[in-house]
Amino acid sequence: RIMHDGYPNRVPFEEITTRFRSLLPERFQRYGMRTFIEALMLAYEVPKAEWALGMSRLFLKAGQLKALENMRKEGAMPPADKLSEIVRGIVRKRWVRAGQAVMLCNYLPEFVRQIYAKRAARALSKAAVLTARLAAPLEAAKHLVQARKLAARRRFIGAGTAVRLTQAWWRKAREQRAGRLAKALRLAAFLHRRTRPWVATARLHAAEEEARREAERRREEERRLAELERLRKAEEEQRRLEEEQRKAEE
């Protein structure tokens, strides 16, 4: 922006203070480079429209840098009253800046407190609005949670009761089954004692019947073999007779 405004000469602060140190008295050397350059411009009455201070450079319009060089070569020195006025201006400006700094330091805590207070008020207002909006849903949710807890408690109690009843029924069933098994075992032992003679007699009769049947089968087999032997001999006798008859015919 400064270049566009017509400041073609750009000179660093350090170069300006080094080149034109002799144009101001020694007491001006104690000031900073920016203050020294501003005092230099004011002392030699360089029009304000012809120069501008940047962050680290002095911007000058065409012809002003050459004018300063000519003053330096000529050894020009501004009037003493002008220098005194510039010093008073520098001191006044520093006091103004110090006062502004003090005022700023005093104002900043109050400003920050006001900001925090406003933020806290807005936060509280938002929290109040949010609480008002969420009160009914939260109350409904609370009742719903309580109802669910009560239902879960009832289910838990019901499950515990069911488990106890199941355990009692299972214990009773096991006792009943054990009793029935004991009765069955006693009955089996009683029947075994009572039926053992009968079983022995039945087994004996069964063995005798089996022996009789075996003897019957053997006799039947012998008769069958005897019949087969008789038939074989009869067949051989028949063939022998037929052979003799054939020979007799020949």
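A. Just the sheet that holds strand β3 (residues 57–60), in detail. Spatially, the three strands line up as an open sheet ordered β1-β3-β2, and their pairing is antiparallel. Both outer strands of the open sheet, β1 (9–12) and β2 (51–53), are each paired with one neighbouring strand and no more. Direction aside, the axes of adjacent strands within the sheet are offset by 20° on average. In this sheet, β3 lies alongside β1 in antiparallel orientation, the contact comprising four bridges. Bridge pairing in β3 places Val11 opposite Leu58. Each of β2 and β3 is contacted by helix α2 (residues 33–43), which is oriented at about 165° to β2, the strand it contacts most.

B. The pairing of β3, seen in detail. Sheet topology places β2 next to β3; three bridges connect them, and they run antiparallel. Paired with Leu53 across the two strands is Leu58, which belongs to β3. Hairpin connection, β2 to β3: the antiparallel pair is bridged by three residues.

C. View of a positive patch on the surface. Taken together, Lys118, Arg119, Arg122 and Lys126 make up a surface patch of like positive charges. In this fold, Lys118 is placed in helix α4 (residues 80–249).

D. Summary view of α2. By the burial criterion, the buried members of α2 are Thr35, Phe36, Ile37, Ala39, Leu40, Met41 and Ala43. Phi turns positive, to about 50°, at Glu45, one or two residues after α2.

E. Focus on the pattern of salt bridges. For the structure shown, the criterion picks out 16 salt bridges. Glu229 is the partner of Arg232 in a salt bridge, and the nearest nitrogen-oxygen pair spans 2.2 Å. Of the two residues, Arg232 and Glu229 are both situated in helix α4; the distance of three residues between them amounts to about one turn of the helix. Its relative accessible area of 37% is what places Arg232 among the partly exposed residues. When salt bridges with common partners are traced through the structure, they connect Glu210, Glu214, Arg217 and Arg218 into a single cluster.

F. A look at the nonpolar core. Of all hydrophobic cores here, the largest spans 26 residues; its most connected members are Leu24, Phe28, Leu40, Met41 and Leu58. Of all the elements in the fold, those that place two or more residues in this core are α1 (13–19), α2, β2, β3, α3 (64–74) and α4. With six residues, α2 is the single largest residue contributor to this core. With residues up to four places along the chain from it excluded, the contact list for Leu24 reads Gln29, Phe36, Ala39, Leu40, Ala43, Pro78 and Leu83.

G. Just the packing of aromatic side chains, in detail. Inspection of every chain in the model, using the stated rule, returns one aromatic pair. Relative to Trp170, the ring of Trp169 lies with its centre 6.2 Å away and its plane at 40°, an arrangement referred to as tilted. The exposure class assigned to Trp169 is exposed, which follows from its relative accessible area of 56%. Judged by its relative accessible area of 42%, Trp170 is partly exposed. The ring of Trp51 is capped by Lys48, whose NZ or CZ atom sits 3.8 Å from the centre of that ring.

Cut-offs and rules
- Residues numbered from 1 in each chain as written.
- Predicted model: local features only at pLDDT ≥ 70, side-chain atom pairs only at ≥ 80, totals over all residues.
- Heavy atoms only, no water.
- Pairing = 2+ DSSP bridges.
- Helix = DSSP H or I, 4+ residues; strand = E, 2+ residues; numbered from the N terminus.
- Axes fitted to C-alpha atoms, helices over the stretch in contact; angles between N-to-C directions.
- Contact = heavy atoms within 4.5 Å.
- Patch = residues over 30% accessible without salt bridge, like charges linked within 9 Å, V, L, I, M, F, W, Y side chains within 5 Å.
- Areas by Shrake-Rupley, 256 points an atom, 1.4 Å probe, with all protein chains shown as cover.
- Salt bridge = Lys/Arg side-chain N within 4 Å of Asp/Glu carboxyl O.
- Lys, Arg positive; Asp, Glu negative; His and termini not counted.
- Charge placed at Lys NZ, Arg CZ, Asp CG, Glu CD.
- Buried < 20%, exposed > 50% of the residue type's maximum accessible area, 1.4 Å probe, protein only.
- Core = buried A, V, L, I, M, F, W, Y, C linked by side-chain atoms within 4.5 Å.
- Phe/Tyr/Trp six-rings, centres within 6.5 Å; stacked < 30°, edge-to-face > 60°.
- Lys NZ or Arg CZ within 6 Å of the ring centre and 35° of its normal.

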